[in-house]
Amino acid sequence: YLAEHGGFDFLAAVDDYLKVHSTLKTLPQALVIVDLSTDTEKSLSFISTVAAEFEHCAIIALSDKPDVDLAVKVMRSGDLVSLPLIKTDFIAALSKAREELTTDSKKKAGCRVITVYSNKGGIGKTSIASNLALELAKITKEDVALVDLNFQLGDLTTFMDVKPAFTISYMFENLNKINKEFLLNTMERYKNSNLYVLADPPFFKQAQDVSRKQLGQFFEILRETFTYVVVDTSSGLDNKAISVLDNSDLVLLPTIVNLPALRNCQKCLALFKELGYPDKKIKVVLNRFMENDEISEDEIEELLDRGIYWKIPNNYFAMMASINKGVPAAELNPETNVAQSFKDLALQVSESIFKQELEDDKR
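What comes next is a walk through the structure. Fair warning: this is a prediction, and the values are worked out from it, not measured in the lab.

Some details on the overall build of the protein chain
Alright, step 1. From N to C terminus, the protein chain includes 16 helices and eleven strands.
Alright, step 2. For the protein chain, the C-alpha radius of gyration of 22 Å lies close to 21 Å, the compact-globule estimate for 363 residues.
Alright, step 3. Referenced to the eigenvectors of the C-alpha coordinate spread, the extents of the protein chain come out at roughly 65 × 50 × 40 Å.
Alright, step 4. Taking all contacts inside the protein chain whose residues are at least 6 apart in sequence as the whole, residues at least 24 apart take part in 76%.
Alright, step 5. Summed over its atoms, the accessible surface of the protein chain is roughly 18,600 Å², and 48% of this surface lies on carbon and sulfur atoms.
Alright, step 6. For the protein chain, the centre of its 41 positive side-chain charges and the centre of its 53 negative side-chain charges are spaced 3 Å apart.

Concerning the nonpolar core
Alright, step 1. Grouped together as the largest cluster of nonpolar side chains are 36 residues, with contacts concentrated most on Ile114, Leu132, Leu136, Val144, Leu146, Leu195 and Leu252.
Alright, step 2. Of all the elements, helix H6 (residues 125-140) adds the most residues to this core, at eight residues.

Things to note about the side chain of Asp148
Alright, step 1. Assignment of secondary structure puts Asp148 in strand E5 (residues 144-149).
Alright, step 2. Of the side chains with opposite charge, Lys125 lies nearest to the buried Asp148, which makes no salt bridge, at 6.7 Å.
Alright, step 3. Leave out the neighbours within four places in its chain, and Asp148 touches Gly154, Asp155, Leu156, Ile168, Leu198, Ala199, Asp200 and Asp232.

Comments concerning the sheet that holds strand E4 (residues 112-116)
Alright, step 1. Ordered by their spatial adjacency, eight strands build an open sheet running E6-E7-E5-E8-E4-E9-E10-E11, and the pairing between neighbours is mixed. At either end of the open sheet lies a strand with only one pairing partner, and these are strand E6 (188-189) and strand E11 (310-313).
Alright, step 2. Running at roughly 160 degrees to E5, helix H10 (residues 212-225) makes contact with E4, E5, strand E7 (195-198) and strand E8 (228-233) of the sheet.
Alright, step 3. In the packing of helix H12 (residues 259-274) onto the sheet, the strands contacted are strand E9 (250-255) and strand E10 (282-289), and the crossing angle to E9 comes to about 160 degrees.

Comments concerning helix H2 (residues 17-24)
Alright, step 1. Taken as a whole, H2 has its buried residues at Val20, His21 and Leu24. With its buried residues spanning 100 degrees around the axis, H2 presents them on a single face.
Alright, step 2. Considering only its buried residues, H2 is in contact with strand E1 (30-35), helix H3 (40-53) and strand E2 (57-63).
Alright, step 3. Backbone nitrogen of Leu18 and a side-chain oxygen of the N-cap are separated by 3.0 Å at the start of H2; the cap is Asp16.

Some thoughts on the sheet that holds strand E3 (residues 79-82)
Alright, step 1. Strand order in the open sheet made by the three strands is E1-E2-E3, with parallel pairing throughout. Across the chains shown, the open sheet's two edge strands, defined by having one partner strand only, are E1 and E3. Strand after strand, the sheet turns through a mean of 25 degrees between neighbouring axes, direction not considered.
Alright, step 2. Sheet topology places E2 next to E3; four bridges connect them, and they run parallel. By the bridge assignment for E3, Leu62 is matched with Val81.

Regarding the pattern of salt bridges
Alright, step 1. Enumeration according to the criterion identifies eight salt bridges in this entry.
Alright, step 2. A salt bridge links Asp232 to Lys125, with the nearest nitrogen and oxygen atoms 3.2 Å apart. Of this pair, Asp232 sits in strand E8 while Lys125 sits in helix H6; the two residues are 107 residues apart in sequence, bridging distant segments of the chain.
Alright, step 3. In this structure Lys125 comes out as buried when scored by relative accessible area, which is 8%.
Alright, step 4. Several salt bridges converge on common partners, so that one network encompasses Glu135, Lys138 and Glu331.

The rules we used
Each chain has its residues counted from 1, following the order in which its sequence is written. Local features in a predicted model are, by the rule used here, given only for residues with pLDDT of at least 70; side-chain atom pairs are given and counted only at 80 or more, and totals for whole chains, interfaces and linings are based on all residues. Only hydrogens and water are set aside when side-chain values are computed; all heavy atoms of the structure are taken into account. Secondary structure elements follow DSSP: runs of H or I of four or more residues count as helices, runs of E of two or more count as strands, with numbering from the N terminus. We compute the radius of gyration over the C-alpha atoms and compare it with the globule rule, which gives 2.2 Å times the number of residues raised to the power 0.38. Any two residues whose heavy atoms approach within 4.5 Å are treated as being in contact. The method behind every accessible area is Shrake-Rupley, applied with a 1.4 Å probe, and residues are considered shielded solely by the protein chains displayed. A residue counts as positive if it is Lys or Arg and as negative if it is Asp or Glu; His and the chain ends are not included. By convention, charge coordinates are those of NZ in Lys, CZ in Arg, CG in Asp, or CD in Glu. The definition of a nonpolar core used throughout is a set of buried Ala, Val, Leu, Ile, Met, Phe, Trp, Tyr and Cys residues joined through side-chain atoms within 4.5 Å. Three labels apply to residues, based on accessible area from a 1.4 Å probe with only protein chains included: buried if under 20% of the type maximum, exposed if over 50%, partly exposed otherwise in between. Think of a salt bridge as a Lys or Arg side-chain nitrogen and an Asp or Glu carboxyl oxygen that are within 4 Å of each other. Two strands are counted as paired when DSSP detects at least two bridges linking them. In this description, a line fitted to the C-alpha atoms serves as the axis of each element, helices being fitted only across the stretch in contact, and the angle between N-to-C directions of two axes falls anywhere from 0 to 180 degrees. Regarding the arc, it is the one traced by the directions from the helix axis to the C-beta atoms. Polar contact is the term for a pair of N or O atoms within 3.5 Å; when the atoms are in protein, one must be able to donate a hydrogen and the other to accept it, and sequence-neighboring residues count only if both atoms are side-chain atoms.

Printed below as a string of structure tokens:
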């Protein structure tokens, strides 16, 4: 099949991953085809390492049990093709790999907009948005935008300790000029990562004239540029906030475990239902969670009439140190339970989005 497709020279068939790893260091480009049918976890670990270390390498994984869970694990590294090989499927994977290796543009999945919203202040939505965005950039190695759409009281620049030269008000004043190159050159890149930060306007009145149409246009431009857009919003629910929520693929609704916060969360869920948002779009996140809270997880799920999507553990000292120093939790100390939780949340978000796409394709 390789010979028939063309464009590839067969080098070797080996079962020594260390040898393959050493060989890849000497090659300007390479295609690695890995059989996952035996010793699956070791093989997955290998392709993950290759994907992380060698940008010039394309990967095709083969499996005799190509279920959704396995596809999700492979997605950040390469393509999954079922065994026994179907010629058309394998040739298609080869063509995709060839295109990836011969084009300068970075492969890019469809963009997903993830908004962190709460109608109550002090819940931790800015911490969640900033930490989630950074972990998504690390894990997926895709370009991620972190956008402060809290037009009046935004805090993202403080939480990330950045001083961007341009704010969102500048973007709205120049919507007709904005394109991918413009965004990547004007948004603040966080420490040479794939995360780009866009700050809130410096003056209240600069956001007063922003229309729903402008917001929709702005989101279209963001979608053309980034693979993930993480949005931090205000606690209000005006026309601007609803426009942001309408333009979101996933809404994380954080709450903490006390009755007033849970009642507010309950009101949000009722309002989202009135707005016609499907249940799969809205995910409840418990922040500052403790196993011995007076209100149990079962009681919370009964009150809200839905399951809890994620629980972020309570770690006051780690989070206060992170906020006061303007450094995301994993950057300050990746060993803390809360830093690990943000990393796992990013994995959950990226994998659940991909899994949904696979399920939609099957339908």
